[in-house]
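Chain residues, written in single-letter form:
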Amino acid sequence: MRVTTGFSRLLRLPGVGVRKVRFEPDRVIVEVALRRRRLICPECGYSTRARKDTRPESSVWRHLDLGVWRLEVHCRRRRLWCPEHGARTEGVPFARPGSEFTRDFECLVAWLATRTDKSTIKRMLRIDWDTVGRIVARVCADELDPGRLDDLYEIGVDEVSWKRQHRYLTLVVDHHRRQVVWGCEGSGQVAADAFFDELDPPPADPAPDPAKQSRAASEPAIMVPFGPCPTVPAGHGIPGAWLMPGLEIEPAIFARAGLLQAVSMDMGPGYAKSVRANAPQAVLCIDPYHVVQLANQALDEVRRAYWNELRSLGDQDAAKRFKDSRWSLLKRPEKLTDEQAATLARIKAAGGEVWRAYTLKEAVRGIFEPGLSLEDVAVLIKRLLSRLSRSRLQPFVRLGKTIRKHRDAILAAIRLGINQGRTEALNNKVRLITRRAYGFHSAKAALALVILTCGPVTLHLPHELHASGLT
Ligand SMILES: [Zn+2]
């Protein structure tokens, strides 16, 4: 068998044949040529026989390593003129537009990035972390399920910090599928508004066609109602935008917000405002996760104050013992190690403010125990509120006020079954992934990693792709 034939079989690059193979000290270079005659625009798939000019462009892609060898694919590409995108170098079937890596290499990177840490990937694949970020963003844009925003009924909106200095990503979770279906950089109302804009894109400005414009001026516009309306069933309305006559729109795309039955969120005002404006029929719920998180913060405040007091009294040993007890207090009792459980027992024996704060925190967590009926929870919240207001611990008195204010939305979450257990696993996964994404320079890459890991995407390894004939 000739070397070129051998390499053709070995690399399985679609649409090309191997012309030449060269061994250099640190790499194998494989020269390939496209089999097809027609030139294809990499952006839109427009194809033509005409070349824009005779100047070829030499391009290089990194492919999967061959044993210890780095493998480079070299190909001379022609240029074409796309009516939509102008002058472009033709696309190749084995790599994404703009990438310096083959699809096989990129799918390996994406698969690893969702499963293992930064230094493993960098060392194993010999690429830097920002390159991983760019690859992840490309794969995400390519592989994401286009129907991911259809049929959303119960969702959660939450922010997660992805870098120090208060930089946030806002993520939308589909509670039914337990997947992250949307995200953007930033937080609060602006971010949630951006989600609703994508869910139901606002009608585009009518084309500046003079005939149409005069018609628009002479005829009254039609307003289509949205949300709960006796004549328009949910999902068939159009947000209260004034639509110009003759404007062609697809009604189904404009009505996805009308399907939402419940939206869970934190206790801040931003997301709630946006949901009230864009999906007024949806029930607002507070994610139990956020309530428990606030209780943990209150406990931590009490613990820190007590620790500082001990330190100021000169009790260095006790102060140190106390500092290490943080996790004994914050972890779920059933998840404590033996040592942490012993520390907790000591705190209990000592009694005092910290122990009281701990029991209050556990009482807050108790509201969300699985198996409680709505009536049970209502009674528990009532008792809890009275305990908190009488606690004489400032952070917990404050917590009580917050819970009282959001009582109905907390109960709504329980009624709809948006409980701690259902959201916690996904939450933990998202937080783990965003920590891994800290090293990326762009929010887009961080977001792509979260969505590739927790979203409606199935990633395959190169051999799986080739086996299933997907390429
Ligand atoms: Zn094009």
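A. A look at the sheet that holds strand S1 (residues 16-24). Within the open sheet, the four strands sit side by side as S1-S2-S6-S5. Their pairing is mixed. Edge positions in the sheet fall to S1 and strand S5 (57-66), since each of these pairs with one other strand and no more. Taken over all neighbouring pairs, the strand axes of this sheet differ in orientation by 25 degrees on average, direction set aside. Two strands pair when backbone bridges link them, and strand S2 (residues 27-34) and strand S6 (residues 69-77) are joined in this way by six bridges, in the parallel orientation. In the strand pairing of S6, Val28 is matched with Leu71.

B. Just the side chain of Lys163, in detail. In this structure, Lys163 sits in strand S9 (residues 154-163). Of the side chains with opposite charge, Asp130 lies nearest to the buried Lys163, which makes no salt bridge, at 7.6 Å. A polar contact is formed between the side chain of Lys163 and the backbone oxygen of Phe440, at a distance of 3.1 Å. Residue contacts for Lys163: discarding those within four places in its chain leaves Tyr438, Phe440 and His441.

C. Broad picture of the pattern of salt bridges. Within the structure shown, the criterion is met by 28 salt bridges. Where Arg88 meets Glu43, a salt bridge forms, and the shortest distance between an N and an O atom there is 3.1 Å. One end of the pair, Arg88, is in strand S8 (residues 86-89); the other, Glu43, is in the loop between strand S3 (39-40) and strand S4 (47-48), with 45 residues separating them in the sequence. Looking at Arg88, the relative accessible area reads 26%, which means it is partly exposed. On the basis of relative accessibility, which here comes to 45%, the residue Glu43 falls in the partly exposed class. The partner of Asp174 in a salt bridge is Arg177, with the nearest N and O atoms 2.5 Å apart. What emerges from the salt-bridge pattern is a single network uniting Arg96, Arg103, Glu106, Arg138, Asp142 and Glu143.

What counts as what
- Residues numbered from 1 in each chain as written.
- Predicted model: local features only at pLDDT ≥ 70, side-chain atom pairs only at ≥ 80, totals over all residues.
- Heavy atoms only, no water.
- Pairing = 2+ DSSP bridges.
- Helix = DSSP H or I, 4+ residues; strand = E, 2+ residues; numbered from the N terminus.
- Axes fitted to C-alpha atoms, helices over the stretch in contact; angles between N-to-C directions.
- Buried < 20%, exposed > 50% of the residue type's maximum accessible area, 1.4 Å probe, protein only.
- Lys, Arg positive; Asp, Glu negative; His and termini not counted.
- Salt bridge = Lys/Arg side-chain N within 4 Å of Asp/Glu carboxyl O.
- Polar contact = N/O pair within 3.5 Å; in protein donor to acceptor, adjacent residues only side chain to side chain.
- Contact = heavy atoms within 4.5 Å.

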